[in-house]
Amino acid sequence: MANSSDNNPSPKSDERNLVAAAAASGADFEDQLAIIWEKNKKFIIYSIVGIFAAFVVYHLTLFMAAQAKQGLQESYASADDSASKLAFAESESGKPLGGFTFKQLGDEAYEAKEFGKAAGYYEKAAKSAKNSIKDAALMGQAMSLLQDGQNSAAQDILKTIASNDNAGNLAEARFRLATIAVDDQDFEAARTYIADLQSNITQENFYWLQKAMVLQSKLPAEAAAE
């Protein structure tokens, strides 16, 4: 009598179909990949090379920028006398660090009472520096010009500062203008500058407010002034 069971049963027809379809599908996918590769292999290779090149260029740029910054810092640190500072400032003219160095040279010249030279350095500093360094350089230039007897040029700079509500030394500029006006006996202008200063009371300008109040107390009465 024949065995009713088979140790290696043949797959059912639907199972055979699934296996055949899977094999065909895998073959078709490989064929499709091969076709895509043949048609686009240059583009794919160039894309990979391009991405790699961009990666290398990006990191090389970062490295070179870091090296340049380090070299600039070392160059600035090595400028330990007026001559080397001036050479460095001129080489970096138009850039913030150059402006800062010109500001330092202006400070040194002002302390040495070389006011004409100081005014020139401060002017170059103001053209290169930004923000608070630029504000300080403009004020330094104005004060140097005053000390050098160039009152008209100094007033022009002070008026420029006083017209900028965002200037860090706005209060000082208004006080300096008020002082010049008193010296010129233009008491009406002096009162205007003092009133402008007093219109913005802050902790930062309190020092100049105090000086303005002292200056105001020395002004003649308005009736007498008229």
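Reading guide: rules and limits
Within any chain, residue numbers begin from 1 and follow the written order of that chain's sequence. Where local features are concerned, this predicted model is filtered to residues with pLDDT of at least 70; where side-chain atom pairs are given and counted, the filter is 80 or more; whole-chain, interface and lining totals use all residues. Side-chain descriptors were evaluated using all non-hydrogen atoms of the structure, hydrogens and water having been removed beforehand. By salt bridge we mean one thing: a side-chain nitrogen of Lys or Arg within 4 Å of a carboxyl oxygen of Asp or Glu. Labels follow the DSSP assignment, with helices taken as runs of H or I lasting at least four residues and strands as runs of E lasting at least two, numbered in each case from the N terminus. The buried label goes to any residue with under 20% of its type's maximum accessible area, the exposed label to any with over 50%, and the partly exposed label to all in between, with areas taken from a 1.4 Å probe on protein chains only. Residue-level confidence of the predictor is what pLDDT reports, using numbers from 0 through 100. What makes two residues a contact is simply this: any of their non-hydrogen atoms within 4.5 Å. Patch membership is restricted to residues that have no salt bridge and whose relative accessible area is over 30%. Joining uses 9 Å for like charges and 5 Å for the nonpolar side chains Val, Leu, Ile, Met, Phe, Trp and Tyr. The method behind every accessible area is Shrake-Rupley, applied with a 1.4 Å probe, and residues are considered shielded solely by the protein chains displayed. The sign given to each residue is positive for Lys and Arg and negative for Asp and Glu; His and the chain ends receive no count. Charge positions are represented by NZ for Lys, CZ for Arg, CG for Asp and CD for Glu. In this text, buried Ala, Val, Leu, Ile, Met, Phe, Trp, Tyr and Cys residues form a nonpolar core when linked through side-chain atoms within 4.5 Å. By definition here, a helix of n residues has an expected span of 1.5 Å times n minus one. Note on method: axes are straight lines fitted to C-alpha atoms, helices fitted across the in-contact stretch only, with angles between N-to-C directions ranging 0 to 180 degrees. Should an angle lie under 35 degrees it is considered roughly parallel, over 145 roughly antiparallel, and from 65 to 115 roughly perpendicular; all remaining angles are considered oblique. With the far helix as reference, a near helix turned anticlockwise by less than a right angle produces a left-handed crossing, and one turned clockwise produces a right-handed crossing. For this scheme, ten residues count as nonpolar: Ala, Val, Leu, Ile, Met, Phe, Trp, Tyr, Cys and Pro. Four count as charged, namely Asp, Glu, Lys and Arg, and the remainder, Gly too, count as polar.

### A short note on the pattern of salt bridges
Part 1 of the reasoning: Scanning the model with the defined rule gives five salt bridges in all.
Part 2 of the reasoning: Between Lys103 and Asp107 there is a salt bridge, with the nearest N and O atoms lying 2.8 Å from each other. Residue Lys103 and its partner Asp107 are both found in helix 3 (residues 96-111); the two are separated by four residues, about one turn of the helix.
Part 3 of the reasoning: A residue is classified by how much of its surface remains accessible, and Lys103, at 16% relative accessible area, is buried.
Part 4 of the reasoning: Accessibility expressed as a relative area gives 27% for Asp107, which makes it partly exposed.
Part 5 of the reasoning: Across the salt bridge formed by Lys117 and Glu114, the nearest N and O atoms sit 3.6 Å from each other.

### Let's talk about the confidence of the model for the chain
In low-pLDDT segments, the atomic positions of the prediction should not be examined closely.
Part 1 of the reasoning: Looking at the chain, pLDDT values average 77 and 68% of them are 70 or higher.
Part 2 of the reasoning: When the criterion is pLDDT under 50, residues 1-5 qualifies, and its contacts beyond four places in sequence or with other chains add up to zero contacts.
Part 3 of the reasoning: Contacts for the low-pLDDT stretch residues 59-69, under 50 throughout, to residues beyond four places or in other chains number zero contacts.

### Looking at unusual backbone geometry
Part 1 of the reasoning: Unlike most non-glycine residues, Asn131 shows phi in positive territory, near 55°.
Part 2 of the reasoning: In this fold, Asn131 is placed in helix 5 (residues 131-147).
Part 3 of the reasoning: Residue Asn131 is classed as exposed on the basis of its relative accessible area of 65%.
Part 4 of the reasoning: Its identity as a non-glycine residue notwithstanding, Gln185 has a phi of 60°, on the positive side.
Part 5 of the reasoning: Tracing the chain through its elements places Gln185 in the loop between helix 7 (170-183) and helix 8 (187-198).

### Description of a negative patch on the surface
Part 1 of the reasoning: Judged by side-chain charge, Asp183, Asp184, Asp186, Glu188 and Glu222 come together as a negatively charged surface patch.
Part 2 of the reasoning: Position of Glu222 among the secondary structure elements: in helix 10 (residues 222-225).

### Focus: the nonpolar core
Part 1 of the reasoning: Formed by 26 residues in total, the largest nonpolar core has its most connected members in Phe102, Met139, Ile157, Leu158, Ile161 and Ala173.
Part 2 of the reasoning: When contributions to this core are tallied by element, the ones reaching two or more residues are helix 3, helix 4 (115-128), helix 5, helix 6 (151-162) and helix 7.
Part 3 of the reasoning: Formed by 13 residues, the second largest nonpolar core is a distinct cluster that contains Phe175, Leu209, Leu215 and Leu219.

### Looking at helix 3
Spacing of three or four residues puts side chains on the same side of an α-helix, whose turn is 3.6 residues.
Part 1 of the reasoning: If you check helix 3, its first and last C-alpha atoms are 23 Å apart, about what 16 residues at 1.5 Å a residue would give, namely 22 Å.
Part 2 of the reasoning: Of the residues one or two after helix 3, Lys113 is the one with positive phi, at around 60°.

### Details of the packing of helix 4 against helix 5
In helix packing, the relevant descriptors are the interaxial angle and the interaxial distance, both defined with respect to the helix axes.
Part 1 of the reasoning: Relative to each other, helix 4 and helix 5 sit at 155°, their axes nearing to 8 Å. Between helix 4 and helix 5, the interaxial angle falls into the category roughly antiparallel. Crossing of helix 4 over helix 5 shows left-handed handedness. Contact with helix 4, carried on its side by Phe115, Ala118, Ala119, Tyr122, Glu123, Ala125 and Ala126, involves Lys134, Ala137, Leu138, Gly140, Gln141, Ser144, Leu145 and Gln147 of helix 5 and no other residues of that element.
Part 2 of the reasoning: Its residues assigned to classes, the contact of helix 4 with helix 5 comprises nine nonpolar, four polar and two charged.

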